[in-house]
Amino acid sequence: MTDRVDPRSDHAAWQATLPRKRMGAGVLVRDGDDRVLLVEPTYKPDWEIPGGTVEVDESPRTGCAREVREELGLDLAVGRLLVFEWQPPARDRTESLLFVYDGGVLPPDAEVTLPADELRSYRFVALDDCDALVSPRLGGRLRAAMTALTQGVLVELESGVRV
């Protein structure tokens, strides 16, 4: 028999039994030529978009803005949500909820400051060339984000497949 907590008798204990999901949020930032801003982490081989893990009791939008400040040294306006994706668990990671927001077009005179212990470099990359740098999961999310941006829609993905 499974030990179950009755929510009527101990609400806090019952809340503690509910699932917890990992969340990540990033921004699709472009330049004037519609190339995507990618950052090169020091701790893994694949490039990423600016963003990262959403902290406990932090909204995805707030976490995204915080991560962009920490990673780029910029206070970018986090625009509308472009992509929401659920990723199932895999051998090397837990299940996750991922959010991609519109980060707008970065002005040519913007001064990007990278944290040297976290990011090696950044560059703007044509969407068609991103697959050579990013994970397949992020590549699909980037294509979905550009579709969402150009069509004015929100794209929902489950494990990389549009719902």
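Residues numbered from 1 in each chain as written. Predicted model: local features only at pLDDT ≥ 70, side-chain atom pairs only at ≥ 80, totals over all residues. Heavy atoms only, no water.

Engineer: Explain the packing of aromatic side chains here, please?
Structural biologist: Each aromatic ring pair is summarised here by two numbers: the centre-to-centre distance and the angle between the ring planes. Tallied over the entire structure, the rule returns one aromatic pair. Seen from their ring centres, Phe-84 and Phe-99 are 5.2 Å apart, and the 55° between their planes marks the pair as tilted. One end of the pair, Phe-84, is in strand E4 (residues 81-87); the other, Phe-99, is in strand E5 (residues 96-105), with 15 residues separating them in the sequence. Taking relative accessible area as the criterion, Phe-99 reaches 11% and is therefore assigned buried. (Phe/Tyr/Trp six-rings, centres within 6.5 Å; stacked < 30°, edge-to-face > 60°. Helix = DSSP H or I, 4+ residues; strand = E, 2+ residues; numbered from the N terminus. Buried < 20%, exposed > 50% of the residue type's maximum accessible area, 1.4 Å probe, protein only.)

Engineer: Quick question: what am I supposed to make of unusual backbone geometry here?
Structural biologist: Negative phi is the rule for most residues except glycine; trans is the rule for most peptide bonds. Unlike most non-glycine residues, Asp-34 shows phi in positive territory, near 65°. Along the polypeptide, Asp-34 turns up in the loop between strand E1 (22-30) and strand E2 (36-41). Judged by its relative accessible area of 41%, Asp-34 is partly exposed. With a phi close to 60°, Asp-57 is a non-glycine residue in the positive phi region. Looking at the element boundaries, Asp-57 is found in the loop between strand E3 (51-53) and helix H2 (60-72). Take Asp-57: its relative accessible area is 84%, and that puts it in the exposed class.

Engineer: Looking at this model, I keep getting lost on the nonpolar core. Mind explaining?
Structural biologist: A general tendency of soluble globular proteins is for nonpolar side chains to be buried together. Core analysis: the largest hydrophobic core is formed by 20 residues, its most contacted members being Leu-28, Leu-38, Val-83 and Leu-142. Breaking this core down by element, the ones donating at least two residues are E2, E4, helix H3 (136-151) and strand E7 (155-158). Leu-142 has contacts with Leu-28, Val-36, Leu-38, Ile-49, Leu-127, Cys-130 and Val-134, leaving out every residue within four places of it along the chain. Residues Ala-25, Val-39, Cys-64 and Val-68 belong to the second largest nonpolar core, which totals 19 residues. (Core = buried A, V, L, I, M, F, W, Y, C linked by side-chain atoms within 4.5 Å. Contact = heavy atoms within 4.5 Å.)

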